[in-house]
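# Structural characterization, general
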Amino acid sequence: MDLNTETNSQISASAPTGSELVVQTIDLHKIYQGVEPVHAVNGVNLEIAAGEFTAIVGPSGSGKTTLLNIIGGLDRQDSGDVIVAGASLANLPESVLTDFRLNNIGFVFQAYNLIPVLTAQENIEFTMLLQKRPKEEREARSTELLNAVGIGGLGDKRPSQLSGGQQQRVAVARALAPKPTFILADEPTANLDSHSTATLLDIMLELNKKEGMTFIFSTHDQRVIDRARRVITLEDGQIVSDERR
Amino acid sequence: MVTKLAWRNLWRNKRRTFIVIAAIMFAVLLSTVMDSLQAGVYENNIKNMVGFYTGYAQVHQKGYWDDQIMDNTFEDVEGLKKEILANSHVEEVVSRLESFTLAASRKKTTTTQLIGFDPEAEQALTKLKDKLIAGSYPSPEDRALLIGEGVATKLELGIGDSIVLMGQGYHGVSATGLYPIMAIAKFGSPELNKSVIYLPLKEAQYFYGAENRLTSYALLLDKGSAVDEVVADLQQRLDTHAYEVMNWNEMMPWLLQMQQADAGGNKVMMGILYLVIGFVIFGTLLMMIQERQYEFGVVMAVGMKKRKVALMTLIEMLFMTLIAIVSSFTLTIPLLWYFKENPIQLGGEMEEVYQQYGFEAIMPASLDPSIFYYQAIVVFVLAMLVYAFSINKIFRIKPVEAMRH
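What comes next is a walk through the structure. (Residues numbered from 1 in each chain as written. Chains lettered and ligands numbered in written order. Predicted model: local features only at pLDDT ≥ 70, side-chain atom pairs only at ≥ 80, totals over all residues. Heavy atoms only, no water.)

## Focus: the overall build of chain A
Here is the rule we go by: In this description a helix means any DSSP run of H or I spanning at least four residues, a strand means any run of E spanning at least two, and both kinds are numbered starting from the N terminus. Both definitions apply: the radius of gyration is a C-alpha atom measure, and the globule rule equals 2.2 Å times residues to the power 0.38. Accessibility here uses a 1.4 Å probe with only protein chains present; expressed as a share of the type maximum, an area under 20% marks a residue as buried, one over 50% as exposed, and anything in between as partly exposed. Whether two residues are in contact is decided by their heavy atoms: any pair within 4.5 Å suffices. For this count, His and the chain ends are skipped, Lys and Arg are scored as positive, and Asp and Glu as negative. Where a charge lies is defined by one atom per residue type, namely NZ (Lys), CZ (Arg), CG (Asp) and CD (Glu).
A count of helical and extended segments in chain A gives seven helices and ten strands. At 18 Å, chain A has a C-alpha radius of gyration in line with the 18 Å of a compact globule built from 245 residues. A buried classification covers 56% of the 245 residues belonging to chain A. Within chain A, residue pairs in contact and separated by at least 24 positions form 71% of the contacts whose partners lie at least 6 positions apart. Taking the average place of the 22 positive charges on the side chains of chain A and the average place of its 31 negative ones, the gap between the two points comes to 8 Å.

Now the structure itself:
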């Protein structure tokens, strides 16, 4: 099996010179072993600067989710390095990596993944609790975030009492709660209707604009791609285009 | 938060939680009832044996128990009795003088155990008067016999008939006497029934030529559980060069051995029950971990350490075990109380076997708190062992893989 590590179309997706880097990948490779090994990430060099609103797009199997998982410290690369907020994730032990994720990366998942037995407000406080933040601070920030994502009156509702759009807003608030360096969102709008998608994008863009929060998300959704400020396209585990708007 | 999460997680899948709690609860209930009935029977057997004859403890002349002859008697001095009664657990000191004699009627002869007894004190310890089936209970001054029903049958005698007694007395004197039968008693044990003869103490001392001498003081205690404390105390305060103080299990080691042998079978049953509990807990934990791979992957992804996830499942397990134990005891205690007050009556062959050993053919329950502590501790330890065995599954979870479930 020939696994190409270089192609003519592979490019490096660089951040503007002099900008503060939030994420940097250096010649990143990930191969899934199986009957036929799959080169899911194939020599990706990527830089994302603070405050960017970046969509990673590409067809199914192009390596978007794998790349996001490696950047998020959820999966390990086979070779190359990932530097997040100035720290290399390559050799961090698992428990340190868990703490690193908690303090630096906010996650938003396609299926919301809220904790079903906690209320919306408790879900938002959950990550702050893991950070051992004082109760008053947790309460104040979770209330502020509930308002910021437009569901101020729903703090006492459990996920099963909320719509998909509302749950995803709680998930965004939960991701923001521990004051991460950036937010990784894997297909955040895949389960949402048009109205909820538009609302969620408004909220994310507002947070990006007002608080300078960096967003990196994988998506197939043209409505999301249209509003992204930077679009990185992956094909067969390689970056084939990097478009800024 | 971990505790709150664990508690709420329990009620998320109510059916699973109830099944687990019910399974542990019934296993604990069964093992507690089994243990309680077994302990109740043993306690009752000990009470029967101790209450029938030995008392919980006895004081003898040193060396008497190994060589039970009339020469190994001691003098019944008031000071010694007072010293024994000074222990607050001792309610009564029952004086006895006993040895083996030949008993003969006009036609037959048999070997018997002649016990010189203090009728009032004996009644307090062994309730001897309650066992009478004919005649009247002797007073201390009577010069007449109370005999076992079996002795009467064997010698073909009844109330008012006389028995010739022949034996060896103190310092080898010949002991002979002719006494009328004043009362016949029936004892649970056939062995005792056909061998025991009682004679008021003063007359028995005269018969054996052992004025003011005794073979034993049998002690009536306020509670059987104080026996070791009483024995230790008396061993300190009495002259152990002159006297020996023994508890019931030193005098009747066979009783304890019999119970231990019997308990072996029950331990197998209990072991099977514990195995069932262990598998229930193990199955639940594995199911819980397997079912919740995705959820665990998510919380780990957002920053919850694996040991906290493990702690959460541990607390869930503890909650379920605790609820099961408390529910089980809530059901068990009234049930066992009922069977303590209204013991199960044994019939048929079981009744005969019990009576052969001189035990009452009943199964009372015991409410000894140690039974409940023991069950609670065993189930708790079992839960912890199973937990330790299955918890590595949590530590092997990889968030990315778990979130693909």
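## With respect to the overall build of chain B
Heads up, the condition is: Computed with the Shrake-Rupley method and a 1.4 Å probe, the accessible areas treat only the protein chains shown as cover for residues.
Along chain B, the regular secondary structure elements total 16 helices and 14 strands. Expressed along its principal axes, the backbone C-alpha trace of chain B runs to roughly 100 × 45 × 30 Å. The buried share of chain B, taken over its 405 residues, is 52%. Taking the intrachain contacts of chain B between residues at least 6 apart in sequence as the baseline, contacts between residues at least 24 apart amount to 78%. Carbon and sulfur atoms make up 58% of the accessible area of chain B, which amounts to about 19000 Å² in all. A distance of 18 Å separates the average location of the 36 positive side-chain charges in chain B from that of its 42 negative side-chain charges.

## Let's talk about unusual backbone geometry
Only a minority of non-glycine residues have a phi that is not negative, and only a minority of peptide bonds are not trans. Despite not being glycine, Tyr112 of chain A shows a phi value in the positive range, around 65 degrees. Within the secondary structure layout, Tyr112 of chain A lies in the loop between β6 (105–108) and α3 (120–130). Positive phi values are uncommon outside glycine, yet His171 of chain B reaches one of about 55 degrees. Within the fold, His171 of chain B resides in the loop between β7 (162–168) and β8 (174–185). Note on His171 of chain B: relative accessible area 59%, which makes it exposed.

## Details of empty space enclosed by the protein
Filter applied, for reference: Two kinds of site are reported from a 1 Å grid over the protein atoms alone, namely cavities, where a 1.4 Å probe fits but cannot get out, and pockets, open sets with protein on both sides within 12 Å along at least five of seven lines, and residues are called lining when an atom falls within 4 Å of a point. Grid points are joined across faces, edges and corners, and a volume is the space filled by probe spheres set on the points.
Tallying each qualifying case throughout the model produces two cavities of 30 Å³ or more. As a volume, the largest cavity reaches approximately 40 Å³. Residue lining of the largest cavity: Arg101, Leu102, Ile105, Gly106, Phe107, Thr127, Arg174, Ala175 and Pro178 of chain A together with Val302 of chain B, and that is the complete set. The biggest single contributor to the lining of the largest cavity is β6 of chain A, with three residues.

## Structural notes on helix α8 (residues 227–237) of chain B
Residues and elements named next belong to chain B. Heads up, the rule is: The arc in question is traced by the directions running from the helix axis to the C-beta atoms.
Restricting attention to buried positions, one finds in α8 the residues Val227, Val230, Val231 and Leu234. Looking straight down α8, one finds that the buried residues subtend no more than 95 degrees of arc, so they occupy a single side. When the buried face of α8 is taken as reference, the exposed residues oriented beyond 90 degrees from it are Asp228 and Gln236. Contacts from the buried residues of α8 go to β1 (57–61), α3 (78–85), β3 (90–104), β11 (216–221), β12 (243–247) and α9 (248–251).

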